[in-house]
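Commentary on secondary and tertiary structure
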Amino acid sequence: MSTNKRYIMSITLVATLGGLLFGYDTAVISGAVGSLQHFFIDPAGLVEWKANFLWGLVTSSALLGCIVGGAVAGLVALKLGRKRGLLVAAVLFALSALGSALPELGFAPLGEGDHTFITHFIVYRFIGGVGVGLASMLSPMYIAEIAPAEQRGNMVSWNQFAIVFGMLVVYFVNWGIARQGNESWLDTIGWRWMFASELIPASIFFLLLFTVPESPRWLVIAGEEAKAQLLLTRLNGEKGKGILAEIKDSLSHVEVGRLFSFGKLVIIIGVLLSLFQQFVGINVVLYYAPEIFKSTGMGTEAALFQTILVGAINMIFTIIAIVSVDKYGRKPLMLIGALVMGVSMLVLGGTFAANQMGVASLIFMMIYTAAFALSWGPVTWVLLSEIFPNRIRGKAMALAVAVQWACNFIVSQTFPMMNNSTWLNDQFNHGFAYWIYGLCSLLAAWFVWKIVPETKGKTLEEMENLWTSEEGSSQDKTEEKAVMA
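Residues numbered from 1 in each chain as written. Predicted model: local features only at pLDDT ≥ 70, side-chain atom pairs only at ≥ 80, totals over all residues. Heavy atoms only, no water.

Structural notes on the overall build of the protein
Spelled out, the test is: The numbering of helices and of strands both runs from the N terminus, where a helix is a DSSP run of H or I of at least 4 residues and a strand a run of E of at least 2. Residue burial is assigned from relative accessible area. The probe radius is 1.4 Å, only protein chains are included, and a residue is buried under 20% of its type maximum, exposed over 50%, and partly exposed in between. Between two residues, a contact is recorded if the distance between any of their heavy atoms is within 4.5 Å. Here the open area of atoms and residues is found with the Shrake-Rupley method and a 1.4 Å probe, where only the protein chains shown may cover a residue.
Summing up its helical and strand segments, the protein has 21 helices and zero strands in all. Within the protein, buried positions represent 53% of all 485 residues. Long-range contacts, defined here as pairs at least 24 residues apart, represent 83% of the contacts in the protein between residues at least 6 apart. Total accessible area computed for the protein in this model is approximately 20,600 Å², and 67% of it derives from carbon and sulfur atoms.

Put into structure tokens, the structure is as follows:
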């Protein structure tokens, strides 16, 4: 009896809806960001810096929830299980969709809310962010624990595809909604439909989760070995008995080490990979793309359509990265990607500074997106999953993910403050922020070239030996200095 490929694929597709909602929820803001400024910020009559700060907070408030969701995901996975953790995420997605569309719900007649409900909106977006944080860890974890070893890499890669596909879907949805009325309709009612649209995939995800089993690994943790055995046999055939024994053995020999058990360098590399992945500015493009396109002279509908092209390029080059990362290696893709992103952002900023926005601006934004999707988007996750030794992987990954969401928030929060600053625009005409991201991209290229090790073809044990050697060498040097002293 061989592996049940059809059953495995059906479970994987349900789980990847968590990734799709991850992408959908984080990118839905792109179509509404201008309308949110008109609806919530402008009527408040704030001074410039306060208005820009608040606009950034409205746009990026979900990311604060992502930090919380990512931080508690491990505990949720352990206490509730992977499946029930994903059910919680689905409920949070649905609640956020409804509340973000109708922040006045329960406080005023529906559709009559105004800018005074900005706090309610931020809270609902925060709730959705918690769902994203949970899904960002639980979906790939669940897939990895369900999939047979020989299919695991392929199955887990579907989650990354689902994230960028979810972004592309919502770009189409936002564009379609914007076509239903004029600018005034979009600023008062249309943006509500954009957030409400997430109720559909969130509800489908919630219902389909009842058709899939719990992770066999968690069933063993919960003491339900009989259920785990039945599931493993259905998934893997006769090999299921041996897999159950391996799971029990691995759980009985887990040794958790201190975060710096293998020295500081591996932790620094993991943190900086996460930091640079965000500081190169990708989420400015994904969240603010319509506003960027509008600043080149486009109307709202045309700007949203161009955003669809960004999403399509993001998806296509992510697929190319997934199939090529084992062929060309991690470092070449990361190095070339960072260099192309750096040049693209510097040129993009130059077109704004020279007040020559047009086709060249669009081309270099597309090139930048393609370079990120081919390198720092998916390959960062590959490196993070490979460089950390088994004994510290849980703690190190949690730290890296937390840093990633925190940096995402910082970039998303500060972009409107830079891009809408009267003083900066008098000097650089909207080009300043892109030059910052371009310089960060070039610095990221230097970091990869000089510090990041190549992990292609190396087993996890070989990577662990690398850090053991580094720590041993560091200790030898310390002891040598002590003797000389």
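A short note on helix α20 (residues 432-450)
Just so we agree on the cut-off: In this analysis, the expected span of each helix is defined as 1.5 Å times one less than the number of residues it contains.
Here α20 contains 19 residues, and its C-alpha end-to-end distance of 27 Å stays within 8% of the 27 Å for a straight helix at 1.5 Å per residue. Those residues of α20 not exposed but buried are A433, Y434, Y437, G438, C440, S441, A444, A445, F447 and V448.

Some remarks on unusual backbone geometry
A positive phi angle, near 50°, is found at N429, a position not held by glycine. Within the secondary structure layout, N429 lies in the loop between α19 (422-428) and α20. We classify N429 as partly exposed; its relative accessible area is 21%. In the Ramachandran plot, H430 falls in the positive-phi region, its phi being about 75° despite a non-glycine side chain.

Concerning the environment of V170
Here V170 lies in helix α6 (residues 149-178). Setting aside chain neighbours within four positions, we find V170 in contact with Y24, A27 and V28.

Examining the packing of helix α2 (residues 29-41) against helix α3 (residues 48-79)
Put simply, the test is: For helices, the axis comes from a line fit to the C-alpha atoms of the stretch in contact; other axes are also lines fit to C-alpha atoms, and the angle between any two N-to-C directions lies between 0 and 180 degrees. Just so you know how the angles are binned, under 35 degrees is roughly parallel, over 145 roughly antiparallel, 65 to 115 roughly perpendicular, and the rest oblique. Crossing handedness is read from the near helix: turned anticlockwise from the far helix by less than a right angle, it gives a left-handed crossing, and turned clockwise, a right-handed one. Ten residue types, Ala, Val, Leu, Ile, Met, Phe, Trp, Tyr, Cys and Pro, are classed as nonpolar, four, Asp, Glu, Lys and Arg, as charged, and the remainder, Gly among them, as polar.
Contact geometry of α2 with α3 gives a least axis separation of 10 Å together with a crossing angle of 135°. On the basis of the axis angle, α2 is oblique to α3. α2 and α3 meet at a crossing whose hand is right-handed. On the side of α2, the interface is formed by I29, V33, L36, Q37 and I41, while α3 contributes A51, L54, W55, V58 and T59. Classifying every residue of the contact of α2 with α3 by side-chain character gives eight nonpolar, two polar and no charged.

Describing helix α12 (residues 265-279)
Here α12 is 15 residues long and its end C-alpha atoms lie 20 Å apart, about the 21 Å a rise of 1.5 Å per residue gives. Restricting attention to buried positions, one finds in α12 the residues V266, I267, I269, G270, L273, S274, F276, Q277 and Q278.

Let's talk about the pattern of salt bridges
Going by this rule: Any carboxyl oxygen of Asp or Glu that lies within 4 Å of a side-chain nitrogen of Lys or Arg is treated as forming a salt bridge with it.
Scanning all chains against the criterion turns up three salt bridges. The salt bridge partner of R192 is E104, with a shortest N-O separation of 3.1 Å. A residue pair is termed long-range when its members are at least 10 positions apart, and R192 in helix α7 (residues 183-196) and E104 in the loop between α4 (82-101) and α5 (118-146) qualify at 88 residues. As far as burial versus exposure is concerned, R192 and E104 are alike and both buried. Ionic pairing is found between E224 and K227, a salt bridge with its closest N-O pair at 3.1 Å. Relative accessible area serves as the criterion here: at 29%, E224 is assigned to the partly exposed category. You can call K227 exposed: its relative accessible area is 53%.

A short note on the environment of G65
Looking at where G65 falls in the secondary structure, it is placed in helix α3. Considering only alpha carbons, one finds G65 and Y124, 59 residues apart in sequence, at a separation of 9.6 Å. Here G65 is in contact with F126, G129 and V130, once residues within four sequence places are set aside.

Description of a nonpolar patch on the surface
Definition in use: Here, patches come from residues exposed beyond 30% relative accessible area and free of salt bridges, joined within 9 Å for like charges and within 5 Å for nonpolar side chains (Val, Leu, Ile, Met, Phe, Trp, Tyr).
Taken together, L265, L443, W446, W449 and I451 make up a surface patch of nonpolar side chains, about 500 Å² in accessible area. Looking at which element gives the most residues to the nonpolar patch, the answer is α20, with three residues. Checked against the element boundaries, L443 lands in helix α20.

Brief notes about the environment of I163
One can find I163 in helix α6. Along the backbone, I163 and G18 are 145 residues apart, and their C-alpha atoms lie at a distance of 8.3 Å. Setting aside residues no more than four positions away along its own chain, I163 makes contact with G19, L20, F22 and G23.

Side note on the confidence of the model for the protein
Spelled out, the test is: For every residue, the predictor states its confidence as a pLDDT score lying anywhere from 0 to 100.
With 89% of its residues at a pLDDT of 70 or more, the protein has an overall mean of 83. Per-residue pLDDT, averaged within each element of the protein, yields its smallest value for helix α21 (residues 460-484) (52) and its largest for helix α8 (residues 199-209) (96). Predicted confidence is poor over residues 472-485, with pLDDT under 50, and the contacts of this stretch with residues over four places away or in other chains come to zero contacts.

A short note on the side chain of Q278
Rules: Nitrogen and oxygen atoms within 3.5 Å of one another constitute a polar contact, given that in protein one can donate a hydrogen and the other can accept it, and given that sequence-neighbouring residues count only through two side-chain atoms.
Within the secondary structure layout, Q278 lies in helix α12. For Q278, the side chain forms a polar contact with the side chain of Q277, separated by 3.2 Å. When residues no more than four places from it in sequence are discounted, the contact partners of Q278 are N283, Q404, C407, N408 and V411.

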